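# Per-entry structural report
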Amino acid sequence: MNSDVDIRLTRAWWMRQVWKVRPAGCATKAVHVACVFVLASCAAPASRSVLDGAASGGDCALPLTVGASVHALEAGTATSASLTACAWTRVAMRDDPLRRDRYGLHAVLALDPTAQEQAAASDRRRRDGHLKGALDGVPVLLKDNIETQGALPTTAGSLALAANVSQRDSTVAAKLRAAGAVLLGKTNLSEWANFRSGDSISGWSGAGGLTRNAFDRNRSACGSSSGSAVAVAEGIVPAAIGTETDGSVTCPAALNGLVGLKPTLGLVSRRGVVPLAPSQDTPGPIAHTVADAALLLDVIAGSDPADSVTHDAESRGGRYVDAVNAAADRRMLQGVRLGVLHFAVGSDPRVAALFEQALERLRAAGAVLVEIKAIDLTDLRKKESVVLHSEFHAAIDTYLAHAPASVSSRSLADLISFNKAHVGEEMPYFGQDSFEKSLTANEDDAYRVSLLDARRLAGAEGIDAMLSAAHVEALLAPTTRVAWPIDLEEADPPGDGTGSATHLAAVSGYPHLTVPMGLAPQPGTAKGLPVGLSLVGAAWSDARLLALGVAYEQIRGAFPVAPETNEVR
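In what follows, the accompanying structure is described. Only a predicted model underlies this, so the values are computations on that prediction, with no experimental measurement involved.

### Some points on the overall build of the chain
- When helices and strands are tallied, the chain shows 19 helices and 17 strands.
- The buried share of the chain, taken over its 569 residues, is 63%.
- A separation of at least 24 residues holds for 75% of the contacts in the chain among residues at least 6 apart in sequence.
- Total accessible area on the chain is roughly 19900 Å²; 52% of this is exposed by carbon and sulfur atoms.

Written out as structure tokens, the structure is:
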């Protein structure tokens, strides 16, 4: 009953890699990848499981949220094996890994060949009454700049890291495993976390192709955690982990109608994560609800001796699920003072209208809204640019120096040479000007001055000053603009001023939560395009932001899922 199956992913390097998988319950010989993915549906689901309502064409329905998945597992209406099998099937049916036309989503870059073994182990633990933790049996995906133990490489989307099989779990992956989660695989991303070029295309990588928006495949999914967001929006998994340096969790979450949290810098370890800029990098959860994001944060947060910035995580952190549960009542907004950043609304009247609607709902629930005076972010952006280029050079050289011997690129200079030698695969749409600029940047006195100035402008003279002057708990703004049309011949279009709060939170290292705010009308789309509401707070106010976020969810009401998602609530 156990048969060898070749998994051949079809983008670039993945086409040449083979892993052996023995899915239980299917007598199928080595087959093409499409059959491999659909093979997952052969695993027998539990009687009257959540998978029984399969759609035509072999698709299946997963619980939409982590909470619903846990409930189904506890109720016995699903097993971890059936959830994992369905997730694999949905990769084939929704993600379209074999389709090279413009409709392929390309959210999932690789599936872990041990996923079904992980699921089977979880089901045994559940039968024996020895669950590991709150996520036991729930399938989760990780962005492919986060290391996981096993056969899968960690590529950061680049073919240069095709052989980067570290055989170790990042701290985030280890914590997810310790909580019982099934690590289903890796998601696509904007290559090198969207830092190879200033003319990059969000969601594109040499290893995974272009990830497209779950609400409109002709529009951007944003980045760089594109695949993590789209995989959740499409219902492949109920939650995923992304990383953010400046907007890389919150932007794709917002554009795909999801909750995304960039935690306070130092709350979540970066060990085993391919770096961009250590003064800003952090992993963060992407999910359908604030409660799910809080549950994931409870799991992945904490101090790590291998990452000194997390020294205070245990003492300054909290129980995030408890904070959310205590706030799940619209009455908790009564008398809460919130700052409004109208200067960050941008030029799109659809975004402005949705923001005003959100503010009216908050007022009606008793919140006190205070207008915040506009600030000039020009100098901050210049300082941040110096910091990012300088830190990337040092950080990536250190990472590559300790990579497995099978990785031939051992420095940023080597990466630049690799890309020049593989122009067709790595640079068909844009170049590597950011890499080249970083090669001449160092962590010198000019860098150190820029770092201190940037933190001051974004923190003490930015978010902290706004909160203090207005006596408010958090700041409100639209997260970013409406998803823009994809044009592979052009770079992402310049911003329109929406999303200033993103830069402030990213550079200061303060927490930033985005929650779906509404759908912007857009001709040609089934439901419209999602727009997110940002809540930004002081350092270590993550629990309070999550509490405010779940209170906003209560007054907003249910939010539509992506048009093709087969939802089960």
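So, next bit.
### Re the packing of aromatic side chains
- On inspection of all chains with the given rule, the structure shows six aromatic pairs.
- Note on Trp 192 and Phe 392: the rings are 6.5 Å apart at their centroids and 75° apart in plane angle, and the pair reads as edge-to-face. Of this pair, Trp 192 sits in helix α6 (residues 191-194) while Phe 392 sits in helix α13 (residues 378-401), and the two are 200 residues apart along the sequence.
- Judged by its relative accessible area of 0%, Phe 392 is buried.
- Each ring, one from Phe 392 and one from Phe 435, has its centre 5.3 Å from the other, and the planes form 25°; the classification is stacked. Note that Phe 392 is positioned in helix α13 and Phe 435 in helix α16 (residues 433-439), a separation of 43 residues in sequence. In this structure, Phe 392 and Phe 435 share a single accessibility class: buried.
- Put simply, the rings of Trp 192, Phe 195, Phe 392 and Phe 435 touch in pairs and so form one group of aromatic residues.
- A cation sits over an aromatic face here: Arg 481 above Trp 484, 4.2 Å from the ring centre.

### Quick notes on the packing of helix α12 (residues 349-364) against helix α19 (residues 542-556)
- At a minimum axis distance of 10 Å, the contact between α12 and α19 shows a crossing angle of 100°. By the angle class used here, α12 and α19 are roughly perpendicular. In this structure, α12 uses Ala 358, Arg 361 and Leu 362 to contact α19, whose residues at the interface are Tyr 552, Ile 555 and Arg 556.
- Looking at the contact of α12 with α19 residue by residue, the classes come out as four nonpolar, no polar and two charged.

### Quick notes on the environment of Pro 494
- Looking at where Pro 494 falls in the secondary structure, it is placed in the loop between β14 (474-478) and α18 (500-508).
- In sequence terms Pro 494 and Asp 199 are 295 residues apart; their C-alpha atoms lie 9.9 Å from each other.

### Here we look at the layout of surface pockets
- Taken as a whole, the largest pocket holds about 1200 Å³ of empty space.
- As for the largest pocket, its lining consists of 37 residues, and the residues nearest its centre are Asn 194, Asp 246, Arg 481, Asp 492 and His 503.
- Listing elements by their share of the lining of the largest pocket, those giving two or more residues are α6, α13 and α18.
- Among the elements that take part in the lining of the largest pocket, α13 stands out by supplying five residues, more than any other.
- A per-class count over the lining of the largest pocket returns 10 nonpolar, 21 polar and six charged.

### Description of the environment of Ile 396
- Summarising the element assignment, Ile 396 is placed in helix α13.
- What Ile 396 contacts, discounting residues up to four positions off in sequence, is Trp 192, Val 274, Pro 275, Leu 412 and Leu 415.

### What about the pairing of strand β6 (residues 182-187)?
- Burial within β6 is extensive, with six of its six residues counted as buried.
- Judged from the three bridges that link them, strand β4 (residues 108-111) and β6 form a sheet pairing that is antiparallel. By the bridge assignment, Val 108 is partnered in β6 with Thr 187.
- With respect to chirality, the unit in which strand β5 (residues 139-143) leads through helix α5 (residues 171-178) into the neighbouring parallel β6 is right-handed.

Conventions we followed
Residues numbered from 1 in each chain as written. Predicted model: local features only at pLDDT ≥ 70, side-chain atom pairs only at ≥ 80, totals over all residues. Heavy atoms only, no water. Helix = DSSP H or I, 4+ residues; strand = E, 2+ residues; numbered from the N terminus. Buried < 20%, exposed > 50% of the residue type's maximum accessible area, 1.4 Å probe, protein only. Contact = heavy atoms within 4.5 Å. Areas by Shrake-Rupley, 256 points an atom, 1.4 Å probe, with all protein chains shown as cover. Phe/Tyr/Trp six-rings, centres within 6.5 Å; stacked < 30°, edge-to-face > 60°. Lys NZ or Arg CZ within 6 Å of the ring centre and 35° of its normal. Axes fitted to C-alpha atoms, helices over the stretch in contact; angles between N-to-C directions. Parallel < 35°, antiparallel > 145°, perpendicular 65-115°, else oblique. Nonpolar A, V, L, I, M, F, W, Y, C, P; charged D, E, K, R; others polar. 1 Å grid on protein atoms, 1.4 Å probe; cavity = no way out; pocket = protein on both sides within 12 Å on 5 of 7 lines; lining within 4 Å. Points joined across faces, edges and corners; volume = space filled by probe spheres on them. Pairing = 2+ DSSP bridges. Right-handed = clockwise from strand over helix to strand, strands pointing away.

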